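Remarks on the overall topology
One letter stands for each residue in the lines below.
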Number of protein chains: 2
Amino acid sequence: MNIAVLGTGDVGRTMATALIKQGHTVMMGSRTADNPAARAWAESQGESARQGTFDDAAAFADLVFNCTAGMHSLAVIDSINKDHLNGKVLVDVANPLDFSNGFPPRLTVCNDDSLGEQIQRVLPDVRVVKAFNTLANAMMVEPARLEGPHQLLVSGNDADAKEKVREIAASFGWQHEQWLDLGGIEQARGTEMYLALWVRLYNALQTPEFNLILARSRA
Amino acid sequence: MNIAVLGTGDVGRTMATALIKQGHTVMMGSRTADNPAARAWAESQGESARQGTFDDAAAFADLVFNCTAGMHSLAVIDSINKDHLNGKVLVDVANPLDFSNGFPPRLTVCNDDSLGEQIQRVLPDVRVVKAFNTLANAMMVEPARLEGPHQLLVSGNDADAKEKVREIAASFGWQHEQWLDLGGIEQARGTEMYLALWVRLYNALQTPEFNLILARSRA
């Protein structure tokens, strides 16, 4: 598949590299064409890798991963010609974290709204799936790094779009039992607000290498 | 120990009954003396159980559990003579959930503040420990209902107060490895905001009988 990865940070590079490994052709999008990080990534990955502007990447792709910093995601989307996104699936990996007052960050949107919903509202003809935002990037694409049936929490309004994302997740090694569909995109409020706990668990554990397993009743 | 349980709902009754079982003397506090739910509870529990107003309960106790609905907790605390609380440990089990627009609830405070912090601010001479608020009441007092080393997430400014709460938790069966101290009371933001995910997990799983285990890296 032709896939766009918006964002050149750790999450974008990790996701884009994993998608290349799975045989996809990936264009990394950034604010400017020929962004040094995007160019270095594309050169390191061979002929299945490209780079361009956010709009170039969206136009190229069948499916789009939003791996930009959540605070900037709406501006990024605003810079893209909507005709290059409409009808496609957008996987929103971002969290609306504001680190401007240091650690732990606050959320720029929460409680009565979420970034996932905001993106779905500005892109009514795009099928937004919120996924992968509840764990650090290395685990997104290699769930077997962690022990046990830890969960991938997902939400979105379109069942077919979620199924497409499930297939990509499965290619990374996510098992059927690990996938937990919370419902429509408004459930992104739950997975984004969990970040307020995630950052504190990260601080207490002193590692981002963790995720949630749901303990259930005995027998 | 003489313990006050503020609140006559499911959480209060479950906690109070479990504390009686562990040999404590418990006064259930409510808005009015002789509240029917509190009286019925006290009569069912024998001579170690009492009931009275919130203020009566605080005056009686060495340690106080706040099991009131989080939306009302500050008003409840305001109704108590501060001399009856100062110097004591207050375990804040409440979550600031507002169900007035149905399910899922919103939080009445989050992101830049938390109920735990609000309580600590109005009671500067009380040692507030946020605990037990991340799981349903049956599991609070009987962690062995769930399989696996699921976590009890705790925060508070006073190490001795947290140790007192740890001893009570241990009496309910919480093991050392299950106790996870996130730091000062401001970390309550994380455990309270997790409720936005908790209610959605509850909805997806169709049971409140779950809690979090932290998946960690393979050796």
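Model, not experiment: these values are computed from the prediction.

1. Describing the overall build of chain A
For chain A, the count of helices and strands is nine helices and 11 strands. Over its C-alpha atoms chain A spans a radius of gyration of 16 Å, differing by no more than 12% from the 17 Å that the globule rule assigns to 219 residues. With the C-alpha coordinates aligned to their principal axes, the bounding extent of chain A is approximately 50 × 35 × 35 Å. Burial analysis of chain A (219 residues in total) assigns 57% to the buried set. For chain A, restricting intrachain contacts to residue pairs at least 6 apart in sequence, the fraction spanning at least 24 positions comes to 71%. Summed over its atoms, the accessible surface of chain A is roughly 8,600 Å², and 46% of this surface lies on carbon and sulfur atoms.

2. Topic: the environment of Glu192(A)
All names here are of chain A. Checked against the element boundaries, Glu192 lands in helix α8 (residues 188-193). With relative accessibility at 1%, the residue Glu192 sits in the buried group. Taking the C-alpha atoms as reference points, Glu192 and Lys130, separated by 62 residues in sequence, lie 9.3 Å from one another. At a separation of 2.9 Å, a polar atom in the side chain of Glu192 contacts the main-chain amide nitrogen of Gly116.

3. A closer look at the interface of chain B and chain A
Listed by partner, the interface residues are 39 residues for chain B and 40 residues for chain A. Summed over the shared surface of chain B and chain A, the result is two salt bridges. Residues Asp112(A) and Arg106(B) are paired through a salt bridge, measuring 2.6 Å at the closest nitrogen-oxygen approach. It is helix α8 (residues 188-205) of chain B that contributes the most residues to the side of chain B that touches chain A, 11 residues altogether. Residues of the side of chain B that touches chain A, tallied by class, amount to 19 nonpolar, nine polar and 11 charged.

4. Comments concerning the relation of the copies chain B and chain A
When chain B is fitted to chain A, the best match, at an RMSD of 0.0 Å, comes from turning it 180° and sliding it 0.0 Å along the axis. As the rotation angle and translation indicate, the two copies are arranged about a two-fold axis. The residues that chain B uses at the interface reappear at the interface of chain A in 100% of cases, marking a shared surface.

5. What about the pairing of strand β3 (residues 49-53) of chain B?
Here strand β2 (residues 25-30) of chain B runs beside β3(B); their pairing, made up of five bridges, is parallel. Each bridged residue has a counterpart across the sheet, and for Ser30(B) the counterpart in β3(B) is Thr53(B).

6. Overview of the packing of aromatic side chains
Scanning the model with the defined rule gives 10 aromatic pairs over all chains in all. What links up through ring pairs into an aromatic cluster is the set Phe103(A), Trp198(A), Tyr202(A) and Phe210(A).

7. What to know about the side chain of Thr68(B)
Residues and elements named next belong to chain B. The residue Thr68 is located in the loop between β4 (63-66) and α4 (73-78) in this model. For Thr68, a relative accessible area of 9% translates into the label buried. Looking at Thr68, its side chain comes within polar contact range of the side chain of Asn66, at 2.6 Å. Once residues lying within four places of it in the same chain are set aside, the contact partners of Thr68 are Leu6, Gly7, Phe54, Ser73, Val76 and Ala94.

8. A short note on the pairing of β2(B)
All names here are of chain B. By the criterion of burial, β2 is predominantly enclosed, with six of the six residues buried. Across the two faces of β2 the burial is the same, with Thr25, Met27 and Gly29 and Val26, Met28 and Ser30 all buried. Pairing of strand β1 (residues 2-6) with β2 involves five bridges; the strand directions are parallel. When the sheet's bridge partners are listed, Asn2 is paired in β2 with Thr25. The parallel pair β1 and β2 is bridged by helix α1 (residues 10-21), and the resulting crossover is right-handed. In the classification by handedness, the crossover that spans β2, the intervening helix α2 (residues 36-45) and the parallel β3 is right-handed.

9. Examining the pattern of salt bridges
Any two side chains of opposite charge can pair, given that their charged atoms come close. Residue and element names in this part refer to chain A. Counted under the stated rule, the structure contains 24 salt bridges over all chains. Between Asp92 and Lys130 there is a salt bridge whose closest N-O contact spans 2.7 Å. You can see Asp92 sitting in strand β5 (residues 89-92) and its partner Lys130 sitting in strand β8 (residues 127-130), a full 38 residues away along the chain. A relative accessible area of 1% means that Lys130 is categorised as buried. Of the charged contacts, one joins Glu117 and Arg189 as a salt bridge, the two residues approaching to 2.8 Å between their closest N and O atoms. Here Arg189 lies in helix α8 and Glu117 lies in helix α5 (residues 115-122), a separation of 72 residues in the sequence. Linked by salt bridges that have partners in common, Asp92, Lys130 and Glu192 make up one network.

10. A closer look at the environment of Arg166(B)
All names here are of chain B. Along the chain, Arg166 turns up in helix α7 (residues 159-172). What makes Arg166 partly exposed here is its relative accessible area of 22%. Through-space distance from the C-alpha of Arg166 to that of Asp181 is 9.9 Å; in sequence the pair is 15 residues apart. Of the polar contacts made by the side chain of Arg166, one reaches the side chain of Glu163; its length is 3.1 Å.

Conventions used here
- Throughout this description, residue numbers start from 1 for each chain and increase along the sequence as written.
- Chains carry letters and ligands carry numbers; both start at the beginning, A for chains and 1 for ligands, and go up in the order they are written.
- Given that the model is predicted, a residue must reach a pLDDT of at least 70 before its local features are reported, and side-chain atom pairs must reach 80 or more before they are shown or counted; all residues, however, enter totals for whole chains, interfaces and linings.
- Only heavy atoms go into the side-chain values, all of them from the structure, while hydrogens and water stay out.
- Helix and strand definitions here come from DSSP, where helices need a minimum of 4 consecutive H or I residues and strands a minimum of 2 consecutive E residues; each element is numbered from the N-terminal end.
- The quantity called the radius of gyration is restricted to C-alpha atoms. Its globule counterpart is 2.2 Å times the number of residues to the power 0.38.
- Each residue is assigned to one of three classes by its accessible area relative to the maximum for its type, calculated with a 1.4 Å probe on protein chains only: buried under 20%, partly exposed between the two thresholds, exposed over 50%.
- In what follows, a contact means two residues having at least one pair of non-hydrogen atoms within 4.5 Å.
- Computed with the Shrake-Rupley method and a 1.4 Å probe, the accessible areas treat only the protein chains shown as cover for residues.
- For the purposes of these results, a polar contact is taken to be a pair of N or O atoms within 3.5 Å, where, inside protein, one atom must be able to donate a hydrogen and its partner to accept one; residues adjacent in sequence count only when each atom of the pair is a side-chain atom.
- Salt bridge, as used here: a side-chain nitrogen of Lys or Arg that lies within 4 Å of a carboxyl oxygen of Asp or Glu.
- As a working rule, the residues Ala, Val, Leu, Ile, Met, Phe, Trp, Tyr, Cys and Pro are called nonpolar, Asp, Glu, Lys and Arg charged, and the rest polar, with Gly in that last group.
- Least-squares fitting of one copy onto the other uses the C-alpha atoms of those residues that reach a pLDDT of at least 70 in both copies.
- Pairing between strands is defined by DSSP: at least two bridges between the two strands are required.
- Planes of paired rings set the category: under 30 degrees apart is stacked, over 60 is edge-to-face and the rest tilted, where pairs are Phe, Tyr or Trp rings (Trp by its six-membered ring) whose centres lie within 6.5 Å.
- With strands facing away from the observer, any crossover in which the path from the first strand over the helix to the second runs clockwise is taken as right-handed.

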